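Each chain, letter by letter, is given below.
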Amino acid sequence: MTAASRFAPKPPWLKVRAPGGDTYHHLKQTFRELDLHTVCEEARCPNVGECWREGTATVMLLGDVCTRGCRFCAVTTGNPRGAVDTREPEHVARAIARLDLQYVVMTMVNRDDLLDGGAEHVARTVQRLKDLRPDILVETLVGDFSGHLSAVDTVVEARPDVFAHNVETIRRLTRTVRDVRSSYDQSLAVLERAKTRAKAAGIEGQLTKSSIMVGVGETDDEVVETMRDLRAVGVDVVTIGQYLRPTPKHHDVLRFVPPETFARYEEEALALGFLYAASGPLVRSSYRAAEVFLRSLLREKGGEGGDVQAELEARLDVARREAARVALELGSPSSVEIPLGKKAESAGLVPAASLVRR
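The rules behind each value
- Residues numbered from 1 in each chain as written.
- Predicted model: local features only at pLDDT ≥ 70, side-chain atom pairs only at ≥ 80, totals over all residues.
- Heavy atoms only, no water.
- Phe/Tyr/Trp six-rings, centres within 6.5 Å; stacked < 30°, edge-to-face > 60°.
- Helix = DSSP H or I, 4+ residues; strand = E, 2+ residues; numbered from the N terminus.
- Buried < 20%, exposed > 50% of the residue type's maximum accessible area, 1.4 Å probe, protein only.
- UniProt positions renumbered as here; feature names shortened; annotations may be inferred.
- Core = buried A, V, L, I, M, F, W, Y, C linked by side-chain atoms within 4.5 Å.
- Contact = heavy atoms within 4.5 Å.
- Pairing = 2+ DSSP bridges.
- Axes fitted to C-alpha atoms, helices over the stretch in contact; angles between N-to-C directions.
- Right-handed = clockwise from strand over helix to strand, strands pointing away.

What to know about the packing of aromatic side chains
Then, in step 1: Scanning the model with the defined rule gives 2 aromatic pairs in all.
Then, in step 2: Aromatic pair Phe262 and Tyr265: ring centres 5.8 Å apart, planes at 90°, arrangement edge-to-face. Here Tyr265 and Phe262 lie together in helix α10 (residues 259-272), a separation of 3 residues that amounts to about one turn. Note on accessibility: Phe262 and Tyr265 belong to one class, buried.

Regarding the UniProt feature "binding site: [4Fe-4S] cluster 2" (unreviewed entry) in the chain
Then, in step 1: Within this structure's numbering, the places UniProt gives as "binding site: [4Fe-4S] cluster 2" (unreviewed entry) are Cys66, Cys70 and Cys73.
Then, in step 2: Note on placement: Cys70 falls in the loop between β2 (65-66) and β3 (76-77).
Then, in step 3: Judged by relative accessible area, which is 17%, Cys70 ranks as buried.
Then, in step 4: The topology assignment puts Cys73 in the loop between β2 and β3.

Details of the nonpolar core
Then, in step 1: By size, the foremost hydrophobic cluster in this structure holds 39 residues, and its most contacted members are Leu62, Ile96, Leu129, Phe145 and Phe163.
Then, in step 2: Counting only elements with at least two residues in this core, the list comes to β1 (56-61), α4 (88-97), β4 (103-108), α5 (119-132), α6 (149-156), α8 (184-200) and α12 (308-330).
Then, in step 3: Those residues in contact with Phe163 that sit more than four places away from it in its chain are Thr140, Val142, Val152, Val155, Val156, Val190, Ala194, Gln206, Leu207, Thr208 and Lys209.
Then, in step 4: One finds Tyr184, Ile212, Tyr265 and Ala269 within the second-largest nonpolar core, a separate group that totals 20 residues.

Thoughts on the sheet that holds strand β7 (residues 207-214)
Then, in step 1: An order of β1-β4-β5-β6-β7-β8-β9 is seen for the 7 strands of this open sheet, with the pairing classed as parallel. Of all the strands in the sheet, just β1 and β9 (276-279) have a single pairing partner and so form its edges. Sheet twist, expressed as the average angle between the axes of neighbouring strands with direction ignored, equals 20°.
Then, in step 2: Bridge count for strand β5 (residues 137-141) against strand β6 (residues 162-164) is 3 bridges, and the pairing is parallel. Paired with Thr140 across the bridge in β6 is Phe163.

Considerations on the pairing of strand β8 (residues 237-242)
Then, in step 1: Taken across its 6 residues, β8 has 6 buried, putting it largely inside the fold.
Then, in step 2: Burial of β8 is two-sided: the residues Val237, Thr239 and Gly241 facing one way and the residues Val238, Ile240 and Gln242 facing the other way are all buried.
Then, in step 3: Sheet topology note: the β7/β8 ladder contains 6 bridges and is parallel. Looking at β8, one finds that Ile212 is bridged to Ile240.
Then, in step 4: Strand direction decides the pairing type here: β8 and β9, joined by 4 bridges, are parallel. What sits directly across from Thr239, in β9, is Ala278.
Then, in step 5: Handedness of the β8-α10-β9 crossover: right-handed.

Below, the structure is given as structure tokens:
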């Protein structure tokens, strides 16, 4: 395969309108006021307008420095040396609870420097948000925790509605595309553990989800093989999208996959038994996550779709009312305080010696 030039014109199916509209601009302004930074904006996701209109957004926890250096990802690589803002779960939960969101994705950088990989931090954020906004749907998009399955249990037991971990690419290309500490089988083990732990804990309705990017050198047969592996460990939802090179230092784009091939991927996924598959050139792991979740639930219950749009609108109405209630109860964003009893933690940074993996 020949690498596609970063500066060559992209196919017409990869062009989208700039985001806009009242809802988009209102959320953008509110995120800034609450000091919340979304992956939607920072990754320049092409679907940000669609997702925000339906009340879905993705926030990143545990800082913006990742301990891994995958060749497809533009996140800064480094060693945070155990630094964790212990106020973040409370701040993020209170900030999100004020927003007209019906679905939030909490993602994270890999934190191999932490003993639990950051699992407890993510779990605390989920639990606090659920306390404030029981109506909101929460997806946790997490790393592999270096294969420590007890960390997977910690996140699962916080009861997010969706546990997501991205396998990213096919088995053959994992060592080429992902950091050397990442492993195809390790990712499958994480997803399998999430499903089995939820079942053992009696957690009903929690979905598992993974994502595959194409255009990095895989064949169509290998994409289907990867979907088969994901189904074998119980993954409920899969998303498939086109890889786009963030900088010249990153992995080449080796092909632009046409829409008709993505349609075939979706057909194959449903034939394999996935509850839902979102497959398209501009699809990302959190693409229209609220709609994906609802369609998956309907399929799980034996339905064929129903009026998903009406359900989305109804949930968004509830979200608006609940956000207004929380804003009234908590006051203005500037009045957010760390709860009593947390004074020992309120310095914000946990001493590295107590957290760093040695």
